[in-house]
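# Structural description and commentary
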Amino acid sequence: MNQESNNKCFHCGEDCGPAPVLFDSKKFCCNGCLSVYRILNENKLSKYYSLLETPGIKVTVEQEVPRSKFAWLDKPEVVEALTEFKDGELSRIVLYIPSIHCSSCIWLLENLHRLDPAILRSMVNFIKKEVTITFNHDKTSIRKLVELLTTLHYQPEITIEQIEKKEKKVINRRIIYQIGVAGFAFSNIMLLSLPDYFAIQEGLTPTFRSFFGYINLVLSIPVLFFSGFDYLASAYGNLRKRVLNLDLPIAIGMLTLYFQSLYEVISQTGPGYFDSLAGFVFFLLIGKWYQSRTYQALSFERNYKAFFPVAVTQLIDDGTTQSVLLSELKANDRLLIHNNELIPADGILEEGEARINYAFVTGESIPVNKKTGDELYAGGRQQGSRIIIRLTKAVEQSRLTKLWTQDQSRQETGKFKRLLDIISKRFTIVLLLIALSTLLFWLWYDSSRALIAFVSVLIVACPCAISLTLPFGQGTAMRLFGRRGLYLRDSSMIENISKTNTIVFDKTGTLTHPAKHKVTWHGNLLTDEELSLIRSLTINSVHPLSRAVTNSLNESKLIKTENYKEVTSRGIAGTVDNHEIRAGAAVWVKASVEPDPEEGSKVYISIDNEYKGYYLIKNAFREGVAGMITSLTKIGRLHVITGDNEGDKKRLQQVFPYGTIMSFDLSPDDKLQYVKKQEEEGYHVLMIGDGLNDAGALRASTMGVSVADDIYNFSPASDAILQADSLQLLPTVHKLSRQTMSFIRISLGISLTYNIIGLYFALTAQLSPIIAAILMPASSVTVVGFVTGAVHLLFRKWNTQKSNIIDDKTL
């Protein structure tokens, strides 16, 4: 970096003036910028300056806030209102920081833990300009966090609405006012320009021309500095950071038209181009408004229902249970939470031994012990015996939705999206070179047409429609999939599905139906008391085999289970009525058994270290599995992995085609390594599991889909949740995803065609800035209309099919 070779501030890029502050052979415009640099340098965070030159924000003396001003953040009621999550020594808050503007900001704010060890994790939402901070409230406070951010010149904006928990519907009226001002000015400027247009032979008298010219000049001032201010500010702000964004050519076009017109009016050499300027800004704003409205229409369904489609187990007053949809939950409902289930809403622990893992919320995986009466937060996962909670709040979109979408370990940009990002970064430079070349050519060939050609090139070549193609195509497909039982983590998962060429199934709970097992007992005759002991243990587990045993013992009474534990791929254990009960694999219950050729899965039982026998569970495949498997063979290789033994191998071979690779007795880590190996060999894996013993494999795959039945068993590791009764739709999902990406490519071609044709007429000076500005929103409307319409048509064909599975001939 050669920042010190000029007179610009090393931190913020502002001019240092005649008396710069010198430190470490670098120049700073003020002591504020120097103090931020010293803090970062002392904490080995100087990479902040290598990501982007002069990335910092200058805070003037008037903007500086004394630390005493934040004393109100120590008030208990304010702390409680701002805290999104609090448990034990951990708290989590979300702060809005308007000054977030570049990659350096993101890097610094996500490395706050290096400035304060009490900060465990911080994550930035760049679009919303929010930072989510998980911290130890015993070692720091919200006030100290805000003071630290303010010291770094990232002062949070905390509003009354946040403190009072008021939900505010955001309506952007500013753009409406901007459109109104531009439209008013455009219509009046056009009206005042008509005499000059139609007075072809004699022309207007110099007096009227000058008078109308000055009126147009006055009308154009609010157009430029109010209606067009956002484009100018964006271009200037990014230019200061040496970033060329797509607002720069628009700003150059606006300023060129304005100052050329200003010169002509003052020098009385012409009427200027105020009509073109006002029309240009007016139609630009209409396109911007249309884009924002369509984005709102695209995202209005993204609430908790779209992410958590399944139900929870509600406890009725008479002791019975029922499955209830999340959307029907309300405060004071009592829920039964089993081992490894997520808590869907804030509540109070009423009964049981709670060991809550809040890794999904805070990133910390150490379980926290809770006692009766303690508050439990949404997103915590119970690890132990079943518990009963009473909800204090209904299910919140802001809590559940955010938890899934902010899972950093699953954030990966698709190849298509990365390509568009690269194009966008290079496009502005190419566009400016083309526009400058056009200007120089017409100045040499015909100077009277140079300005129009220059501005028209800047406007018509803007790739606004290109940037809309991907989010609207994928977003529309995502919404339509959600209505049919497939809930995607975000719209980019459409591309991930489309490129998968290997399908890996986890058998238990995915291919088999947990409610249709045939369960038989083999062993010593069990007493009613022993049956009650077994059911009291197995009811705590949500594993399909445990549920099968539990359902077969519905008549047995329940007894409280203590010291419950569950070991993955081994079994469960606990103390029931002073008896030690174990259920699971033979080695888990220490049973010496001979190999049994009989098909099915086995759950071995021991009571007080005495082996009693086993439950033989013959799995029933889900409806439509055979037809689904036949269709999936056209996509790529099929694999079946499971932690069970080979008891179901023969039945699986009857359903799956010859050549399907089957692996048995796999631990969760074995499944993870299995999927990783496939990915390393160049295959793109579509992993289908239930999220219990295959979370690692789901996370390692190109696309991880968690199959959910009528219980609340959501896996944060998955990219999608598929309702179990929609499992047979997988071939259709893959086909529609590929065709959606094809239509996105076609839409991209339409957008590029618009740009090329428009650019030709602009280069040849046959296109006015007004027409160019009209073409911009017109191309956006065309592209968005085409890609959303085409995707809707695909799904409409899906709906008209008699079968749930679409074969090759139907599309």
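As the structure is a prediction and not an experimental result, all values here were calculated from the model.

## Observations regarding the packing of aromatic side chains
Counted according to the given criterion, the structure contains 17 aromatic pairs. Both rings, one in Phe 225 and one in Tyr 258, keep their centres 6.2 Å apart while their planes meet at 80°; by these two values the pair is edge-to-face. Here Phe 225, found in helix H8 (residues 206–227), pairs with Tyr 258, found in helix H10 (residues 247–267); they are 33 residues apart in sequence, far enough to count as distant. Take Phe 225: its relative accessible area is 46%, and that puts it in the partly exposed class. We classify Tyr 258 as buried; its relative accessible area is 7%. Through a chain of ring-to-ring contacts, three or more aromatic side chains come together here, namely Phe 225, Tyr 258, Phe 259 and Phe 274. A cation over a ring is seen here: Arg 582 above Trp 588, with NZ or CZ 4.2 Å from the ring centre.

## Describing helix H23 (residues 668–680)
Between its first and last C-alpha atoms H23 spans 18 Å; for 13 residues at 1.5 Å apiece the expected length is 18 Å, and the two agree. Buried residues belonging to H23 abut strand S17 (502–506), strand S24 (637–641), strand S25 (661–663), strand S26 (685–689) and helix H24 (695–700). In the stretch just after H23, Gly 682 is the one whose phi turns positive, near 100°.

## Overview of the pattern of salt bridges
Under the criterion given, the structure shown has eleven salt bridges. One salt bridge connects Asp 74 with Arg 143, and the closest N-O pair in it is separated by 2.9 Å. In this pair, Asp 74 is assigned in the loop between helix H2 (48–51) and helix H3 (76–82) and Arg 143 in helix H5 (residues 142–151), connecting sequence segments 69 residues apart. Judged by relative accessible area, which is 39%, Asp 74 ranks as partly exposed. Since its relative accessible area comes to 21%, Arg 143 is described here as partly exposed. The partner of Lys 671 in a salt bridge is Asp 506, with the nearest N and O atoms 3.1 Å apart. In this pair, Lys 671 is assigned in helix H23 and Asp 506 in strand S17, connecting sequence segments 165 residues apart. Judged by its relative accessible area of 3%, Lys 671 is buried. Here the salt bridges do not stand alone but share partners, grouping Asp 74, Arg 143 and Glu 147 into one network.

## A look at unusual backbone geometry
In the Ramachandran plot, Asp 608 falls in the positive-phi region, its phi being about 50° despite a non-glycine side chain. Tracing the sequence through the fold places Asp 608 in the loop between strand S22 (601–607) and strand S23 (610–618). The phi angle at Asp 665 is positive, at roughly 55°, despite the residue not being glycine. Residue position: Asp 665 is located in the loop between S25 and H23.

## Structural notes on the packing of helix H16 (residues 450–460) against helix H25 (residues 730–763)
Two numbers describe how H16 lies on H25: the axes approach to 8 Å, and their chain directions differ by 170°. In terms of axis orientation, H16 runs roughly antiparallel to H25. Contacts from Ala 453, Ser 456, Val 457 and Val 460 in H16 reach Asn 755, Gly 758, Leu 759, Ala 762 and Leu 763 in H25. Its residues placed into classes, the contact of H16 with H25 shows six nonpolar, three polar and no charged.

## Brief notes about the pairing of strand S15 (residues 387–391)
Most of S15 sits out of view: four of its five residues are buried. As judged from the four bridges shared by strand S9 (residues 334–337) and S15, these two strands associate in the antiparallel manner. The partner of Ile 337 across the bridge, within S15, is Ile 387. Looking at chain direction, strand S10 (residues 347–351) and S15 are connected through four bridges and run antiparallel. Bridge pairing in S15 links Ile 348 to Arg 390.

## Let's talk about a nonpolar patch on the surface
A contiguous nonpolar patch, built from Ile 176, Tyr 177 and Trp 289 and spanning about 320 Å² of accessible area, is present on the exposed surface. Considering the arrangement of structural elements, one finds Ile 176 in helix H7 (residues 173–198). Assessed through its relative accessible area of 44%, Ile 176 is described here as partly exposed.

## Details of the sheet that holds strand S19 (residues 561–567)
Judged by pairing direction, the sheet is antiparallel, and its six strands sit side by side in the order S18-S23-S22-S21-S20-S19 without closing on themselves. Looking at the sheet topology across the chains shown, the edges are occupied by strand S18 (518–523) and S19. Across the sheet, the axes of successive neighbouring strands diverge by a mean angle of 15°, strand direction being ignored. Bridge count for strand S20 (residues 571–576) against strand S21 (residues 579–584) is six bridges, and the pairing is antiparallel. Each bridged residue has a counterpart across the sheet, and for Thr 575 the counterpart in S21 is Glu 580. Along the sheet, helix H20 (residues 544–552) contacts S18, S20, S22 and S23; its crossing angle with S23, the most-contacted strand, is approximately 100°.

Rules and cut-offs
Residues numbered from 1 in each chain as written. Predicted model: local features only at pLDDT ≥ 70, side-chain atom pairs only at ≥ 80, totals over all residues. Heavy atoms only, no water. Phe/Tyr/Trp six-rings, centres within 6.5 Å; stacked < 30°, edge-to-face > 60°. Helix = DSSP H or I, 4+ residues; strand = E, 2+ residues; numbered from the N terminus. Buried < 20%, exposed > 50% of the residue type's maximum accessible area, 1.4 Å probe, protein only. Lys NZ or Arg CZ within 6 Å of the ring centre and 35° of its normal. Expected span 1.5 Å × (residues − 1). Contact = heavy atoms within 4.5 Å. Salt bridge = Lys/Arg side-chain N within 4 Å of Asp/Glu carboxyl O. Axes fitted to C-alpha atoms, helices over the stretch in contact; angles between N-to-C directions. Parallel < 35°, antiparallel > 145°, perpendicular 65-115°, else oblique. Nonpolar A, V, L, I, M, F, W, Y, C, P; charged D, E, K, R; others polar. Pairing = 2+ DSSP bridges. Patch = residues over 30% accessible without salt bridge, like charges linked within 9 Å, V, L, I, M, F, W, Y side chains within 5 Å. Areas by Shrake-Rupley, 256 points an atom, 1.4 Å probe, with all protein chains shown as cover.

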